Amino acid sequence: VSKKLLNSVPGCVDDVLHGLASCNPDLKVLDGHRVILRADLSHIKGHVALLSGGGSGHEPAHAGYVGRGMLTGVIAGPVFTSPPVGSIVAAVRTVAHAGAAGVLLLVKNYTGDRLNFGLALERAHREGIEVEMVVIADDCAFISPSKAGRRGLCGIVLIHKIAGALAEEGKSLKEIASFVRQAATGIGTLGISLSPCSVPGSGPTFQLAADEFELGLGIHGEAGVQRYKMMSCDEVVRIMIDHMTNEASKSRVVLQPGDSIIIIVNNLGGLSCLELQIVASTVVHLLESRGLRIERAMTGSFMTALEMSGVSLTIMKTTAELVRLFDKDTSAPAWPRVQCVQVTGQTRTIQCAPENAQPERTEPVAINVQVYQRVLKHVCSSLLALKDELNDLDRASGDGDCGNTHARAAQAISEWIHSGNLPSQPSGLLSALSNVLLEKMGGTSGA
């Protein structure tokens, strides 16, 4: 059984919701239910209320998206399990009692969610409450989806935002439902995992070899479509985008050069921020190289699978109206501060100020440069050969990266030698060499 920082397995979802309400005064827990609601329910009078939810373990989804300009409330089930009908009905009744002009249920396409939210919708109808349900299915994993259709993944977060902006503007229940159904047809999501997650109180949800990653798995650890040997980030992202846009696939995102898109690079829970930014860089580069115009881009944890080490990519084909709604303000705690600026077309580097280089005051001596090259090459090869030994020695007294630091120095010096810019005077050589190490080596040794 995996280690988890919990008070108890049965009570972990309650603790999550109370933790969210404790740190965000704009949110409240509905007494007796695993439901989070906006604290200012009086402000929804005359406006459509938006409710979503599903199994827990996907934080910050969905409770983190409750707030002005996004969801009115969220119903949370046990970890990876759909919420009960009674709690969904209680949430619907509460927002209807607050004066909502209709209730829209936004549901991911999983059988349990569809059944429980669907039954709650029927009970609400019998009570005379105007309710509609929109099911979001954005998974691009399966070339030929099963009868259950495509799974609901991170794409629903974009629907929360679009629907929330429309509700804030006072649009009707029919108008919002129709608009987001159409918007959802242009959304696709695909994930990859480097390692599994584990449900509290249980072991890993699946097994994955140390040198493998899985393509197209679900957010509950459901099987993907293919396993690959590990490769570079560029290669992994290329496989993902090729799969998402495969013309033979019935679940692809249909994109043409010149199309405008919004993207989410989503951490599935346990990927380091370092890796996530590398993935994001590759995603932007590859999509732009295919002629797509990225209007907005978000990176972070939006729809997780507990501590799964992996990433998903969501692409939404967009229009000027969708971008306008996406840019509308929201108080939801998990929605990031996204700049209202088109990503594609921006200059991403700033030129360095020119260095005031001091030219050599004497004639260059070619034999000196040859000697320097021989000596430096010998030093570099020695440092590279000692990398593991230096790391082991450093591990006993520090953080175990001394060998890596010196190997980085050796690589930098080697590249500098091949550039052909070695000064021939000793003072010039040592000055230039120190600049190379200050710039490239890093760490205490570099300084």
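What counts and how
- Residues numbered from 1 in each chain as written.
- Predicted model: local features only at pLDDT ≥ 70, side-chain atom pairs only at ≥ 80, totals over all residues.
- Heavy atoms only, no water.
- Helix = DSSP H or I, 4+ residues; strand = E, 2+ residues; numbered from the N terminus.
- Buried < 20%, exposed > 50% of the residue type's maximum accessible area, 1.4 Å probe, protein only.
- Contact = heavy atoms within 4.5 Å.
- Areas by Shrake-Rupley, 256 points an atom, 1.4 Å probe, with all protein chains shown as cover.
- Lys, Arg positive; Asp, Glu negative; His and termini not counted.
- Charge placed at Lys NZ, Arg CZ, Asp CG, Glu CD.
- UniProt positions renumbered as here; feature names shortened; annotations may be inferred.
- Pairing = 2+ DSSP bridges.
- Axes fitted to C-alpha atoms, helices over the stretch in contact; angles between N-to-C directions.
- Right-handed = clockwise from strand over helix to strand, strands pointing away.
- Core = buried A, V, L, I, M, F, W, Y, C linked by side-chain atoms within 4.5 Å.

(A) Representation of the overall build of the protein within the structure. When you go through the protein residue by residue, the secondary structure sums to 13 helices and 12 strands. Taking the principal axes of the C-alpha coordinates as reference, the protein spans close to 95 × 50 × 45 Å. Per-residue burial over the protein gives 48% buried out of 447 residues. Partitioning the intrachain contacts of the protein with sequence separation of at least 6 by distance along the chain shows that 73% fall at a separation of at least 24. Carbon and sulfur atoms provide 54% of the accessible area of the protein, an area that totals close to 21,400 Å². Across the protein, the 39 positively charged side chains and the 43 negatively charged ones have centroids separated by 6 Å.

(B) Geometry of the UniProt feature "domain: DhaL" (unreviewed entry) in the protein. Feature annotation in UniProt assigns "domain: DhaL" (unreviewed entry) to the following positions: residues 370-447. Within the segment residues 370-447, helix and strand shares are 79% and 0% respectively, and the terminal C-alpha atoms sit 27 Å apart.

(C) Expanded view of the sheet that holds strand S3 (residues 49-56). Spatial strand order, S1-S2-S4-S3-S5-S6: 6 strands in an open sheet with mixed pairing. Two strands lie at the open edges of the sheet, namely strand S1 (27-29) and strand S6 (131-136), each paired on one side alone. The sheet shows a mean angle of 25 degrees between the axes of neighbouring strands, taken without regard to direction. Where S3 and strand S4 (residues 73-79) come together, 6 bridges link them in parallel fashion. Its bridge partner being in S4, Leu-51 is matched across the sheet by Gly-73.

(D) Broad picture of the sheet that holds strand S7 (residues 187-195). Taking strand neighbours across the sheet as the criterion, the 6 strands line up as S9-S8-S7-S12-S10-S11 in an open arrangement whose pairing is mixed. The open sheet has two free edges, formed respectively by strand S9 (226-229) and strand S11 (293-300), since each of these has just one partner strand. In this sheet, adjacent strand axes meet at a mean angle of 20 degrees when their direction is disregarded. Bridge count for S7 against strand S12 (residues 309-317) is 8 bridges, and the pairing is antiparallel.

(E) The environment of Leu-50, seen in detail. Relative to the elements of secondary structure, Leu-50 occurs in strand S3. For the pair Leu-50 and Asp-234, spaced 184 residues apart in sequence, the C-alpha to C-alpha distance is 38 Å. Here Leu-50 is in contact with Met-70, Leu-71, Thr-72, Gly-73, Leu-104, Ala-163, Gly-164 and Ala-167, once residues within four sequence places are set aside.

(F) Main features of the pairing of S11. Where strand S10 (residues 260-267) meets S11, 7 bridges bridge the pair, whose relative direction is parallel. When the bridges of S11 are listed, Ile-261 appears paired with Ile-294. Taking the sense of rotation as the criterion, the β-α-β connection linking S10, helix H7 (residues 273-289) and S11 turns out right-handed.

(G) The nonpolar core, seen in detail. One finds Leu-104 and Leu-106 to be the most contacted residues of the largest nonpolar core, which totals 61 residues. The set of elements that each furnish at least two residues to this core consists of helix H1 (12-23), S4, strand S5 (103-108), S6, helix H4 (155-168), helix H5 (173-184), S10 and helix H8 (320-327). When residues no more than four places from it in sequence are discounted, the contact partners of Leu-104 are Val-48, Ala-49, Leu-50, Leu-51, Glu-132, Met-133, Val-134, Leu-173, Ile-176 and Ala-177. Counting 30 residues, the second-largest nonpolar core is a separate cluster that includes Val-236, Ile-241, Val-279 and Val-283.

(H) Up close: unusual backbone geometry. Cis geometry marks the peptide bond from Glu-59 to Pro-60; its omega dihedral reads 10 degrees. Tracing the sequence through the fold places Pro-60 in the loop between S3 and S4. A cis geometry characterises the amide bond from Ala-61 onward to His-62, with omega recorded as -5 degrees. Looking at the element boundaries, His-62 is found in the loop between S3 and S4. In this structure, Phe-80 is a non-glycine residue whose phi angle is positive, near 60 degrees. Among the secondary structure elements, Phe-80 is positioned in the loop between S4 and helix H2 (85-97). When its relative accessible area of 16% is taken as the criterion, Phe-80 is described as buried. Phi is positive for Leu-306, which is not a glycine, with a value near 55 degrees. Here Leu-306 is to be found in the loop between S11 and S12. A relative accessible area of 21% places Leu-306 in the partly exposed class.

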